[in-house]
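One letter stands for each residue in the lines below.
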Amino acid sequence: MYVSDPLLVEGIKSYVQYRVTGELLKEPIYRRFSDFYSLREKLVERWPGIYIPNLPPKLTMGNLEKKVIEMRTRVINDFCHKTSKFKFIIDSEELQIFLIKSIDVSKVISHLPKLNYEEILFRYNKAFPEIKPENEVELEKYIKIVNDAIPYMKKVLLNLKGFEESIVATMTHKENEINYYCNLMNVFEEYEKYTLMEYVNNDENKLVFYNPQNSETYQKIMDIKDKFINPFQKLSSWIEDDILDFKAMLGALESIINLNVLLDQLTLRLKAIEDEIIKYENNEYSYFTLLLKWKTAEGILKELRIEEDNTKSTIKALISIITIASKITLNNLEIFKVEKLQRYHKHIKKFAEVQKDNGDIINDLWSYISNDPKLNDKDKDVVSQLK
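Model, not experiment: these values are computed from the prediction.

(A) Layout of the overall build of the chain. Along its length, the chain carries 12 helices and three strands. By principal-axis analysis of the C-alpha atoms, the chain measures approximately 130 × 45 × 40 Å. For the chain, the residues scored as buried account for 41% of the 387 residues in total. By sequence separation, contacts in the chain at least 24 residues apart represent 73% of the contacts at least 6 residues apart. As displayed, the chain has an accessible area near 23,300 Å², and 55% of this comes from carbon and sulfur atoms. For the chain, the centre of its 56 positive side-chain charges and the centre of its 61 negative side-chain charges are spaced 3 Å apart.

Take a look at the structure:
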């Protein structure tokens, strides 16, 4: 899927909608940022422990600002591109609803029912039939790997945030440098136009910067104004996107740990239930307890056995969910690391190319000006001639 052409829809409460196209669609559909956000929230809820590409948080104000719209267009497009790589998302109920043309996406998706763990396991087995659930020994191995990965992800995320601050500060400095060159050209032009023009009897051919007839000098000055690029803007966007990605991966890993915590709690609860069943089977209870619960011993025993069966079923489902999610997410983490290195190389290469192009633009101008015959005419001594 691809996102483009943000369109401002004006009204009592104006909003921006984005054009979505791609192989999954017969014709373009239009979605708001909140629709994409609702889709991701529901995917995270119904696919616990698995990496889901990220989106920035909602804003309470400033949604219609140009820079926000440009940023959202970029990150939504990235979100669509990444989600399209995952077959389980493409086939998911959530995405199929999202792609329906004329519905209130956020409303319909948000009302999808919460799944129990047996239902989640059914989805996982259907989406990942090649991955077989492991036993509890294998589960412990995966939990250890996930636990070891979380501190690393947090450290990288902290470093990225520091890097982002440095990039933003440098980007501002670079913007000032670009403005400096533009202002410098303006200063030279203004000086020649309003001061030197009188000295040369309005003969523009004797000027260097303010010389519209010299199209080459004029074009080189325009190149600085129009083609000089701040390479730190792309770096800043790249770091913003990487932070979103690392947060999403960290969220998936932490979700696995949360599932394992729930598993431990249910295991303890199962032991307590089994102890209670033994107590009632052996008539080791007081009639005062029965009076408090307003139930017979047989009734309580029946409820405990139902709870025991349900808890065992949930524990079994959780063990399978955690092992499947761990395998998927840890595999995605390895791919993630390779992609991040490749993306880093790509951006540094682009950064170097932009810096080189900027330098070429500046060098080209100053080389051309330094070779201007008016600046290198050593045979004329204007002052002596005037004398």
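(B) Fine view of unusual backbone geometry. Phi at Asp-5 is positive, roughly 50°, even though this residue is not glycine. Along the polypeptide, Asp-5 turns up in strand S1 (residues 2-9).

(C) Geometry of the packing of helix H8 (residues 215-227) against helix H11 (residues 297-370). At a minimum axis distance of 10 Å, the contact between H8 and H11 shows a crossing angle of 155°. Taken together, the axes of H8 and H11 lie roughly antiparallel to each other. For the pair H8 and H11, the crossing hand works out as left-handed. Counting all contacts with H8, which are made through Glu-216, Thr-217, Lys-220, Ile-221, Asp-223, Ile-224 and Lys-227, the residues of H11 involved are Asn-358, Ile-361, Ile-362, Asp-364, Leu-365 and Tyr-368. Within the contact of H8 with H11, the residues separate by chemical class into six nonpolar, two polar and five charged.

Scoring rules and cut-offs
- In this convention, every chain numbers its residues from 1, walking through the sequence in written order.
- In keeping with the predicted nature of the model, local features appear solely for residues at pLDDT of at least 70, side-chain atom pairs appear and are counted solely at 80 or more, and the whole-chain, interface and lining totals rest on all residues.
- By convention in this description, side-chain values take in all heavy atoms of the structure and omit both hydrogens and water.
- For helices the rule is a DSSP run of H or I covering at least 4 residues; for strands it is a run of E covering at least 2, with both sets numbered from the N terminus onward.
- Per-residue accessibility, obtained with a 1.4 Å probe over protein chains only, is compared with the maximum for each type, and a residue is labelled buried under 20%, exposed over 50%, and partly exposed between these values.
- Residue contacts are counted whenever heavy atoms from the two residues lie within 4.5 Å of one another.
- Exposure was quantified through the Shrake-Rupley algorithm and a 1.4 Å probe, taking into account, for residues, occlusion by the shown protein chains and nothing else.
- Counted as positive: Lys and Arg. Counted as negative: Asp and Glu. His and the chain ends are not counted at all.
- Charge positions are represented by NZ for Lys, CZ for Arg, CG for Asp and CD for Glu.
- The axes are straight lines fitted to the C-alpha atoms, using for helices just the contacting stretch, and the angles between their N-to-C directions are given from 0 to 180°.
- For classification purposes, an angle smaller than 35 degrees is called roughly parallel, one larger than 145 roughly antiparallel, one from 65 to 115 roughly perpendicular, and anything else oblique.
- Each crossing gets its handedness from the near helix: less than a right angle anticlockwise from the far helix is left-handed, clockwise is right-handed.
- Think of it as three bins: nonpolar holds Ala, Val, Leu, Ile, Met, Phe, Trp, Tyr, Cys and Pro, charged holds Asp, Glu, Lys and Arg, and polar takes everything else, Gly as well.

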